[in-house]
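# Architecture at a glance
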Amino acid sequence: MLKTIKSRRSIRKFKVGQRVSEEQLNVLLEASMFAPSACNTRPWEFIAITKREVLDEIARIHPYAKMCETAGAAIVISAIPQEGIAEGYYPQDCGAAAQNILLAAQELGLGTCWCGVYPREERVTSFAKLLNIGGNQIPFCVIAVGVPDESPEARGFFEKGKVTYI
């Protein structure tokens, strides 16, 4: 698992025309649903996108999701805010689900790039309209998925100075 964590990169260039299969998407979605959530509320729903015209529209409406133009698929996580004991925890819960997708994709040899939608109101509104997301759901993030066509250097590293041992 540590090898997977350390080798994961944000991929912004995918091999054009390389599909992501429904089976691969289901593996990613299953991994995401194993993420922890406050009081096991699982405040999320998912939209798996493979239609080229929708991927292109995502690239158009999100200023940092241009990689969707070459991605084979994308997954949008929609948050469902909870009331009661788990109120307010949906950003952490959906973030954990997104991270599981990123790590599972790395294991499958796929590349990903996670782009935030929430809390930018203009992005939330655009994604809700594009994907017909209504009710109390909030488009939280979009994850581009595909066969990588680049190998970026690592950007993460251990910084002992940011750790306090008690």
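Computed from a predicted structure; not experimentally measured.

## Structural notes on the packing of aromatic side chains
- Applying the stated criterion across every chain yields a total of 3 aromatic pairs.
- Between Trp 44 and Phe 46, the ring centres sit 6.3 Å apart and the planes meet at 50°, which makes this aromatic pair tilted.
- Of the aromatic side chains, those joined through ring pairs into one cluster are Tyr 90, Tyr 118 and Phe 140.

## Topic: the packing of helix α3 (residues 52–61) against helix α5 (residues 121–131)
- Interaxial distance between α3 and α5 falls to 11 Å at its minimum, and their mutual angle equals 165°. Put simply, α3 runs roughly antiparallel to α5. Crossing hand, α3 versus α5: right-handed. Contacts between α3 and α5 involve Val 54, Glu 57, Ile 58 and Ile 61 on the former and, on the latter, Ser 126, Phe 127, Leu 130 and Leu 131.
- Of the residues that constitute the contact of α3 with α5, the class distribution is 6 nonpolar, 1 polar and 1 charged.

## Some details on the pattern of salt bridges
- The final tally for this structure, using the stated rule, is 2 salt bridges.
- We note a salt bridge from Arg 52 to Asp 56, for which the minimum N-O separation is 3.2 Å. A residue pair is termed a helical-turn pair when its members lie 3 or 4 positions apart in one helix, as Arg 52 and Asp 56 do in helix α3 at 4 residues.
- Judged by relative accessible area, which is 33%, Arg 52 ranks as partly exposed.
- Notably, a salt bridge pairs Arg 60 with Glu 57, separated by 2.6 Å at the nearest N-O pair. Within this pair, Arg 60 and its partner Glu 57 are both found in helix α3, separated by 3 residues, close to a single helical turn.
- Judged by relative accessible area, Glu 57 falls into the partly exposed class, the value being 25%.

## Section: the packing of helix α2 (residues 22–33) against helix α4 (residues 90–107)
- Between α2 and α4, the shortest axis-to-axis distance is 7 Å and the interhelical angle comes to 140°. Relative to α4, the element α2 lies oblique. Of the two elements, α2 crosses α4, and the hand of that crossing is right-handed. Packed against α2, whose contacting residues are Leu 28, Ala 31 and Ser 32, the element α4 presents Ala 97, Asn 100, Ile 101, Ala 104 and Ala 105 at the interface.
- Looking at side-chain class alone, the contact of α2 with α4 contains 6 nonpolar, 2 polar and no charged residues.

## What to know about the sheet that holds strand β4 (residues 138–146)
- Read from one edge to the other, the open sheet built from 4 strands follows the order β1-β2-β4-β3, with strand pairing classed as antiparallel. The strands lining the two open edges of the sheet, one partner per strand, are β1 (44–49) and β3 (111–116). Sheet twist, expressed as the mean angle between neighbouring strand axes with direction ignored, is 20°.
- This element, α4, spans β1, β2 (73–79), β3 and β4 of the sheet and lies at about 5° to β4.

## What to know about the nonpolar core
- Within the largest apolar cluster, 50 residues are counted, with the highest numbers of intra-cluster contacts made by Phe 46, Ile 49, Ile 58, Ile 77, Phe 127, Val 142 and Ile 143.
- Of all the secondary structure elements, the ones that give two or more residues to this core are α2, β1, α3, β2, α4, β3, α5 and β4.
- Counting residues per element, this core draws most heavily on α4, at 8 residues.
- Look past the residues within four positions of Ile 143 in its chain and what remains in contact with it is Ala 73, Ala 74, Ile 75, Ile 77, Ala 98, Ile 101, Leu 102, Thr 112, Cys 113 and Trp 114.

Scoring rules and cut-offs
- Residues numbered from 1 in each chain as written.
- Predicted model: local features only at pLDDT ≥ 70, side-chain atom pairs only at ≥ 80, totals over all residues.
- Heavy atoms only, no water.
- Phe/Tyr/Trp six-rings, centres within 6.5 Å; stacked < 30°, edge-to-face > 60°.
- Axes fitted to C-alpha atoms, helices over the stretch in contact; angles between N-to-C directions.
- Helix = DSSP H or I, 4+ residues; strand = E, 2+ residues; numbered from the N terminus.
- Parallel < 35°, antiparallel > 145°, perpendicular 65-115°, else oblique.
- Left-handed = near helix turned anticlockwise from the far one by under 90°.
- Contact = heavy atoms within 4.5 Å.
- Nonpolar A, V, L, I, M, F, W, Y, C, P; charged D, E, K, R; others polar.
- Salt bridge = Lys/Arg side-chain N within 4 Å of Asp/Glu carboxyl O.
- Buried < 20%, exposed > 50% of the residue type's maximum accessible area, 1.4 Å probe, protein only.
- Pairing = 2+ DSSP bridges.
- Core = buried A, V, L, I, M, F, W, Y, C linked by side-chain atoms within 4.5 Å.

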